[in-house]
There are 2 protein chains.
Amino acid sequence: MPSRTASAQWNGKLKSGKGTMRSGSSGAEYPFSFNSRMEGGNGSSPEELLASALAGCYSMALSADLEKAGFDPTQVKTTATANFSNTSGKWSVDSMDLVVEGMIPGIDDAKFQEIANGTKTACPVARALASVKINVNAKLV
Amino acid sequence: MPSRTASAQWNGKLKSGKGTMRSGSSGAEYPFSFNSRMEGGNGSSPEELLASALAGCYSMALSADLEKAGFDPTQVKTTATANFSNTSGKWSVDSMDLVVEGMIPGIDDAKFQEIANGTKTACPVARALASVKINVNAKLV
């Protein structure tokens, strides 16, 4: 069972404090703050890393699903947007929007849409994010 | 409503292909592959970024919950491990383990444990990851 470890810290209070997230494999650091997370300011946020994770998982899983269906995918590229809002006093990731571009020789659009929609509910990160509505807008390029 | 965007791509088939995840704010790139994701090889994985996101969200949310309870938190540091396994032919994030170290002047351990357990079900990323069992091991340092 592969396990992946990462870390983060937060120093101080909610609005005046600041945090840093770190990845395990590259050591890359993502500074974040109340301003960067809740007010759209400069810096990172946990939701940005959720968007990266879902974009990566979806791209890999769609390629795998296309291969299973007999195609030889050249490239799947996904842009993910995490929508984070405060409704009734509670911050939540309400939805994530995926814009998907596939370079898939020999497939028609109907088949591509069918497979892309199946991947939306099958990819491991999408299943982990069980309370988040995921929208997929897929096109062949 | 703050939105956060990130992207990724996968080139080729499942086992012989390779992918890259990118963050929006820093442009940092995380290469990944079947080997790095499913076999514990070098490189990144979507689950690593989920672990970073949960560690960051939990650290910030626990600091906020401690502040709400009247404390003045110095630091909350969280290490998150995502456990990813293939059971009955389907890869899933089964659980995530959080090891939390709090520097909180004037709190006793019982109160700290109570608040740390509350944050486990309240933080936005934990709620988004609704199908994942989250375990918290918290200590004062």
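As shown above, the structure is provided for reference.
Residues numbered from 1 in each chain as written. Chains lettered and ligands numbered in written order. Predicted model: local features only at pLDDT ≥ 70, side-chain atom pairs only at ≥ 80, totals over all residues. Heavy atoms only, no water.

(A) Structural detail: the relation of the copies chain B and chain A. By a simple turn and slide, chain B fits onto chain A: the slide is 0.0 Å along the axis, the RMSD is 0.0 Å, and the turn is 180 degrees. Given the turn and translation reported, the copies of this chain are related as if by a two-fold rotation axis. Among all residues of chain B, the minimum C-alpha distance to the rotation axis is found for Leu129 of chain B, at 2.2 Å. Take the interface residues of chain B: 100% of them recur as interface residues in chain A, which is what a same-surface contact looks like. (Least-squares fit on C-alpha atoms with pLDDT ≥ 70 in both. Contact = heavy atoms within 4.5 Å.)

(B) How the structure looks around the pattern of salt bridges. All names here are of chain B. Tallying each qualifying case throughout the model produces 10 salt bridges over all chains. The closest approach of N and O atoms between Asp65 and Lys68, which form a salt bridge, is 3.6 Å. You can see Asp65 and its partner Lys68 sitting in helix 2 (residues 46–68), 3 residues apart, about one turn around the helix. Given the relative accessible area of 70%, Lys68 is considered exposed. (Salt bridge = Lys/Arg side-chain N within 4 Å of Asp/Glu carboxyl O. Helix = DSSP H or I, 4+ residues; strand = E, 2+ residues; numbered from the N terminus. Buried < 20%, exposed > 50% of the residue type's maximum accessible area, 1.4 Å probe, protein only.)

(C) Quick look at the sheet that holds strand 2 (residues 18–22) of chain B. Spatially, 6(A)-5(A)-4(A)-1(B)-2(B)-3(B) is the arrangement adopted by the 6 strands of the open sheet, whose pairing is mixed. With one partner strand each, in any of the chains shown, strand 6 (133–140) of chain A together with strand 3 (29–33) of chain B form the two edges of the open sheet. Each adjacent strand pair in this sheet contributes to an overall mean axis angle of 20 degrees, direction not counted. Helix-sheet contacts for helix 3 (residues 109–122) of chain A involve strand 5 (90–103) and strand 6 of chain A, and the interaxial angle to strand 6 of chain A is about 155 degrees. (Pairing = 2+ DSSP bridges. Axes fitted to C-alpha atoms, helices over the stretch in contact; angles between N-to-C directions.)

(D) Region of the structure containing the interface of chain B and chain A. Contacts between chain B and chain A engage 77 residues on the former and 77 residues on the latter. Where chain B abuts chain A, roughly 6,000 Å² becomes buried across the two surfaces, and 58% of that area is made up of carbon and sulfur atoms. Counting the surface chain B buries against chain A, the share from its top three residues, Pro2, Arg4 and Met60 of chain B, is 14%. There are 2 salt bridges connecting chain B and chain A. Taking the shortest distance from any N to any O, the salt bridge between Arg4 of chain A and Glu48 of chain B comes out at 3.4 Å. Summed over the shared surface of chain B and chain A, the number is 43 residue pairs in polar contact (both at pLDDT 80 or more). Those elements that place two or more of their residues in the side of chain B that touches chain A are strand 1 (3–11), strand 2, strand 3, helix 1 (34–38), helix 2, strand 4 (75–87), strand 5 (90–103) and helix 4 (124–128) of chain B. The element best represented in the side of chain B that touches chain A is helix 2 of chain B, accounting for 16 residues. (Buried area = accessible area lost by both parts, 1.4 Å probe. Polar contact = N/O pair within 3.5 Å; in protein donor to acceptor, adjacent residues only side chain to side chain.)

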